[in-house]
Amino acid sequence: MVLAIDRMNLHLRQSGVVPVPRISKRQRLASIIAATGGIRVLERLPQQNCLVVLNYHRIGSASETVGDPNLYSATPSDLDDQVRWIKRHYHISSLDEAIAFVEGQITFRKTGILFTFDDGYKDNYDYAFPILYKHKVQGTFFICTSYIGSSQLPWWDRIAYMLKMSRNSKIVLHYPEFMTLDLGEGKLEALNRLLGIYKAGHDLNKDQFLEEIARSTGTGDERPGERIFINKTELKEMSGNGMAVGSHTHSHPLLSHLSPELQLEEVSVSKEMLEHDLGIDIQSLAYPVGAPDSFDDRTQEALRRAGYRIAFSFYGGKNIAGKTSPYNVRRHHVGVGDGEPLFRVRTSTAAILGEPLF
Ligand SMILES: [Zn+2]
């Protein structure tokens, strides 16, 4: 899960929270590059011997979700186009190849692109898996083991849901500090602020914070009942049909907020459960949230002790063979509102420069 203001603005507009659509500067610039034939030029320029890791979360329509619309990375049709285009121009890396590349054992003749998906939402099974399978492309799915088969909303979806369902035009919270939030025109800012407090809160009592939001929004414990995460049978089917699976911890905490013992437990339990359920070695992990302060040296020590070979962050940067830390492999977001020109400009410049130009 990541909070990116640009994407959040767009998704909330799509869900009807913010009424006026607006194109970002990056999208406008990418459209100009596309209209003047620039993308075709970028596609033909020499590619770096580097690994570009794309990160998706949910696949589907952001306007129909009861949860956080910010989590949507692509519609099924966008993903289909993106996979087809990448297959034509770049080397699709498997997870095993990505590990070997980062460990300095292999190089790529073309830029290697790895598709990764975080959180294990059911729409990954419903939409991403059939598309990737059809194109004979491997995706790597990072699974939170406590969410497998669950219909419970994770904290970010729960906060978005409570704001969305609230009939109050203004809410007053008394924890962790007194604050008044406008839910009329300011729903976007309210969601942004509450997610930020949750993520930044080293000393925050997270259950108390969620209860306070429930009380102030007047939504209590209302929850949608349908299953929203992949179940064990679906995961086995994906794993048995060419998809790679990694850990996204057991309960999606911000690892750096935990003691070394709890960090080790989170990464060990999820690894053991996935290995038991799927009968495969789990060697990779994606850090929840994945920002620079979401993990620390103690996290990396826990990964070493648990037997992981690679871990992915989520704040951009380059992956060069032999120079990238195996426990901080960089990834780039894909946003559902980006549109085709921006996706292609970002990916093609990443292949030339090692990371997207913008
Ligand atoms: Zn996540």
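Residues numbered from 1 in each chain as written. Predicted model: local features only at pLDDT ≥ 70, side-chain atom pairs only at ≥ 80, totals over all residues. Heavy atoms only, no water.

Colleague: Looking at this structure, I do not really get the pairing of strand β6 (residues 139-143). What am I missing?
Modeller: Consecutive side chains along a regular strand alternate between the two faces of the sheet. β6 sits mainly inside the fold: five of its five residues count as buried. Both faces of β6 are covered, namely the face carrying Gly139, Phe141 and Ile143 and the face carrying Thr140 and Phe142. Crossover connection from strand β5 (residues 112-119) via helix α6 (residues 122-134) to parallel β6: handedness right-handed. As paired strands, β6 and strand β9 (residues 244-247) are joined by four bridges and run parallel to one another. Residue pairing for β9: isoleucine 143 is matched across the bridge by serine 247. (Buried < 20%, exposed > 50% of the residue type's maximum accessible area, 1.4 Å probe, protein only. Helix = DSSP H or I, 4+ residues; strand = E, 2+ residues; numbered from the N terminus. Right-handed = clockwise from strand over helix to strand, strands pointing away. Pairing = 2+ DSSP bridges.)

Colleague: Would you mind going over empty space enclosed by the protein with me for this structure?
Modeller: To find leftover empty space, a probe the size of one water molecule is rolled over the atoms. Going through the model one piece at a time under the given rule, you end up with two cavities of 30 Å³ or more. Space inside the second largest cavity adds up to approximately 60 Å³. Elements that contribute at least two residues to the lining of the second largest cavity include exactly β1 (51-56), β12 (332-333) and α13 (339-353). In the lining of the second largest cavity, the residues fall into six nonpolar, three polar and two charged. (1 Å grid on protein atoms, 1.4 Å probe; cavity = no way out; pocket = protein on both sides within 12 Å on 5 of 7 lines; lining within 4 Å. Points joined across faces, edges and corners; volume = space filled by probe spheres on them. Nonpolar A, V, L, I, M, F, W, Y, C, P; charged D, E, K, R; others polar.)

Colleague: Help me understand the layout of surface pockets, please; the structure alone is not making it clear to me.
Modeller: The space that makes up the largest pocket amounts to roughly 460 Å³. Lining of the largest pocket is provided by 22 residues; of these, Trp155, Tyr198, Lys206, Ser251 and His252 occupy positions nearest its centre. Ranked by residues supplied to the lining of the largest pocket, first place goes to helix α9 (residues 206-217) with three residues. The class makeup of the residues in the lining of the largest pocket is ten nonpolar, seven polar and five charged. In terms of domain composition, the lining of the largest pocket takes at least three residues from each of domain 1 (5-151 + 241-353) and domain 2 (155-217). Every residue lining the second largest pocket is counted, 18 residues in all, and those nearest its centre are Arg58, Glu64, Tyr72, Asp123 and Glu226. Counting residues per element, the lining of the second largest pocket draws most heavily on α6, at four residues. Classifying every residue of the lining of the second largest pocket gives six nonpolar, four polar and eight charged. (Domains from an automatic or database assignment.)

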